[in-house]
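Results of the structural survey
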Amino acid sequence: MNKITAAITAVGAYVPDYVLTNQILETMVDTNDEWITTRTGIKERRILKGEGKGSSFLAIEASKNLISKTGLDPKTIDLVIVATATPDMKAASTAAYTATQIGATNAFSFDLEAACSSFLYGMSVASSYIESGRYKRVLLVGADKNSSMINYEDRATCIIFGDGGGAVLFEPNEDNLGLKDEYLRSDGSGREFLQAKYGGSSYPITKEALESGEHYVFQDGRNVFKNAVSNMAEVVIRIMERNELTKEDINFLVAHQANKRIIDATADRIELDQNKVMMNIHKYGNTTSATLPLLLSDYESELKKGDNLIFAAFGGGFTWGAIYLKWAYNS
Ligand code: UT7
């Protein structure tokens, strides 16, 4: 019998209706479309509006999209993982609420938090459960309502982030398709360069904290940029080398959408053609845990069974890594 591998067998996505364009941002902070476009590649991003709507709203809508596209019976899902850096609430699992709302009543569920690498790490966790034979259907959702932790008076961060959700289903495969290899890394010495200081257990919210604005995301962009460029390229090269993949073997680079220049630099290091680089940062900005599944959703119709995909991400913590996956279906 062939070894059981973990394949992605379905994709779903959701972005909110409200479009925050560079032109609107020009009226909010001292910035301009030309700077944002040339420095980041972003033209617009989506923002979730509505009282009480958190990341679970995005996760639920993305999961429902997957379910309606495939006809999947949610009662057959064994596990729901919600990868997110912006859970709905403290102390209450976002994944548990998501699972119940989509009708996955036989599943257990948990949140997974690794900043912008949450979904990438989630792919590793979901695949491990499938490969072990313990579960047959794992729904991995990436959802972030980044607008909930952004200061819309800070031009260094408000131009970058957007809200969105994406979902994939992992199932067993006996044809050697699915996740082939992973190389995941982290380095806690990077946490000072990208963080929201107040609101966690180290520094709970106080009146003074709210006044200081340090409950919002802070980023030392230049430092994170430098680390992202070198580390993403390093893990991509390593995973290619140890799987004996040349640039010709790769069908698509599926890289976290934080900055077009970071993605271009990674592709340049392996001399990959631009048409093999998935890109949608211009439409959504950085949606943290949702960037990878949103790319899969946008490019799903171009993907063929057996295609070699290299996933890569870099984010707060620092956390980063690369995954080599063989696509399992034609749509
Ligand atoms: O997903 C998690 C991981 N995150 C990332 O990978 C993000 C990594 N970092 C970046 O993408 C980039 O560093 C940014 C897009 C955040 C910033 O781009 P940059 O080219 O590194 O700009 P910078 O921070 O070095 O700033 C250059 C100049 C500064 O002015 P001076 O000091 O040269 O006069 C900034 O004050 O641009 C100025 N600036 C802006 N100007 C217009 C900073 N933000 C803006 C803005 N509009 N929004």
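Residues numbered from 1 in each chain as written. Predicted model: local features only at pLDDT ≥ 70, side-chain atom pairs only at ≥ 80, totals over all residues. Heavy atoms only, no water.

**Brief notes about the domain arrangement of the chain**
You'll often see interface size given as the accessible area lost when the parts meet. Going by this rule: Each domain's limits were defined by an automated method or a database of domain assignments. Contacts are assigned to residue pairs with any non-hydrogen atoms lying within 4.5 Å of each other. By buried area we mean how much accessible surface two parts lose on assembly, using a 1.4 Å probe and totalling the loss over both. We define a salt bridge as a contact between a side-chain nitrogen of Lys or Arg and a carboxyl oxygen of Asp or Glu at a distance within 4 Å. Whenever a nitrogen or oxygen atom comes within 3.5 Å of another N or O atom, the pair is scored as a polar contact, on the condition that within protein one atom can donate a hydrogen and the other can accept it, and that pairs from neighbouring residues in sequence are kept only if both atoms are in side chains. Only DSSP runs of H or I with at least four residues qualify as helices, and only runs of E with at least two residues qualify as strands; both kinds are numbered from the N terminus onward. Only Asp, Glu, Lys and Arg are considered charged in this grouping, and only Ala, Val, Leu, Ile, Met, Phe, Trp, Tyr, Cys and Pro are considered nonpolar; every other residue, Gly among them, is considered polar.
Each domain of the chain was delimited in the assignment, giving domain 1 (5-175) and domain 2 (179-326). Relative to domain 2, the C-alpha centre of domain 1 lies at a distance of 14 Å. Contact with domain 1, which involves 51 residues of that partner, is made by 43 residues of domain 2. When domain 1 packs against domain 2, the two sides together hide about 3600 Å² of surface, and 62% of this comes from carbon and sulfur. Three residues stand out in domain 1 for area buried against domain 2, namely Cys116, Leu120 and Tyr121, and they jointly supply 18% of the buried area on that side. Between Glu300 and Lys69 there is a salt bridge; the shortest N-O distance is 2.7 Å. One can count 20 residue pairs in polar contact (both at pLDDT 80 or more) joining domain 1 with domain 2. Taken together, the elements giving at least two residues each to the side of domain 1 that touches domain 2 come down to strand 1 (5-14), helix 2 (33-40), strand 3 (44-47), helix 5 (118-131), strand 6 (138-145) and strand 7 (163-173). Residue classes in the side of domain 1 that touches domain 2 are distributed as 24 nonpolar, 16 polar and 11 charged.

**Observations regarding the side chain of Asn286**
Inclusion rule: Relative accessibility thresholds used throughout: buried, under 20% of the residue-type maximum; exposed, over 50%; partly exposed, between the two (1.4 Å probe, protein chains only).
With respect to the element layout, Asn286 can be found in the loop between helix 10 (281-284) and helix 11 (291-299). Taking the relative accessible area as the measure of exposure, Asn286 reaches 3% and is therefore buried. Of the polar contacts made by the side chain of Asn286, one reaches the side chain of His256; its length is 3.4 Å.

**A short note on the sheet that holds strand 12 (residues 308-315)**
Rules: Here, strands pair whenever DSSP counts at least two bridges between them. Here an angle of 0 to 180 degrees is reported between the N-to-C directions of two axes, which are lines fitted to C-alpha atoms, with helices fitted over the stretch in contact.
One open sheet holds the 4 strands; their spatial order is 8-13-12-11, and the pairing between them is mixed. On the outer flanks of this sheet lie strand 8 (178-186) and strand 11 (252-255), each paired with one strand and no other. Direction aside, neighbouring strands of the sheet carry axes that sit 15° apart on average. In this sheet, strand 13 (residues 319-326) lies alongside strand 12 in antiparallel orientation, the contact comprising 8 bridges. The residue of strand 13 that forms the bridge with Ile310 is Tyr324.

**Here's the deal with the sheet that holds strand 7**
One key point about sheets: their strands pair by backbone hydrogen bonds, in either a parallel or an antiparallel sense. Taken together, 5 strands build an open sheet; the order of strands is 1-7-6-4-5 and the sheet is mixed. Bordering the open sheet on either side are strand 1 and strand 5 (108-112), each of which pairs with just one other strand. Taking each pair of neighbouring strands and ignoring which way they run, the sheet shows an average axis angle of 20°. One ladder, built from 5 bridges, connects strand 4 (residues 79-83) with strand 5; its direction is parallel. Residue pairing across strands places Ala83 opposite Leu112, the latter belonging to strand 5. Each of strand 1 and strand 7 touches helix 11; the most contacted strand, strand 1, lies at about 85° to it.

**What to know about the pattern of salt bridges**
Applying the stated criterion across every chain yields a total of 10 salt bridges. In this structure, Arg155 and Asp30 form a salt bridge, with 3.7 Å as the shortest nitrogen-oxygen distance. Highlighted residues: Arg155 in helix 6 (residues 155-158) and Asp30 in the loop between helix 1 (22-26) and helix 2, separated in sequence by 125 residues. Taking the relative accessible area as the measure of exposure, Arg155 reaches 49% and is therefore partly exposed. Here Asp264 makes a salt bridge to Lys260, at a shortest N to O gap of 2.8 Å. Taken together, the residues span about one helical turn, with Asp264 and Lys260 both in helix 9 (residues 260-269) at a distance of 4 residues.

**Side note on the packing of aromatic side chains**
Put simply, the rule reads: Any Phe, Tyr or Trp ring, taking Trp's six-membered ring, that has another such ring centre within 6.5 Å forms a pair; planes under 30 degrees apart are called stacked, those over 60 apart edge-to-face, and the others tilted. The criterion for a charge sitting over a ring is simple: Lys NZ or Arg CZ within 6 Å of the ring centre, and within 35 degrees of the ring normal.
Applying the stated criterion across every chain, the model contains 11 aromatic pairs. On the numbers, 6.2 Å between centres and 40° between planes, the contact of Phe108 with Phe110 is tilted. Here the basic side chain of Lys49 rests over the ring of Tyr18, its NZ or CZ set 4.4 Å away from the ring centre. A cation over an aromatic ring shows up here: Lys53 above the ring of Phe57, its NZ or CZ 4.5 Å from the ring centre.

**Topic: the layout of surface pockets**
In plain terms, the rule: A cavity, in this analysis, means grid points on a 1 Å lattice covering only the protein atoms where a 1.4 Å probe fits yet has no way out; a pocket is instead an open set bounded by protein on both sides within 12 Å along at least five of seven lines, and a residue lines either one if it has an atom within 4 Å of a point. Grid points are joined across faces, edges and corners, and a volume is the space filled by probe spheres set on the points.
Of the pockets and cavities examined, the largest pocket occupies roughly 1400 Å³. Of all the elements, helix 3 (residues 55-70) adds the most residues to the lining of the largest pocket, at 6 residues. For the lining of the largest pocket, a count of residues per class yields 18 nonpolar, 18 polar and 9 charged. Residues lining the lining of the largest pocket come from more than one domain, with at least three contributed by each of domain 1 (5-175) and domain 2 (179-326). In this structure, the second largest pocket encloses a volume near 680 Å³.

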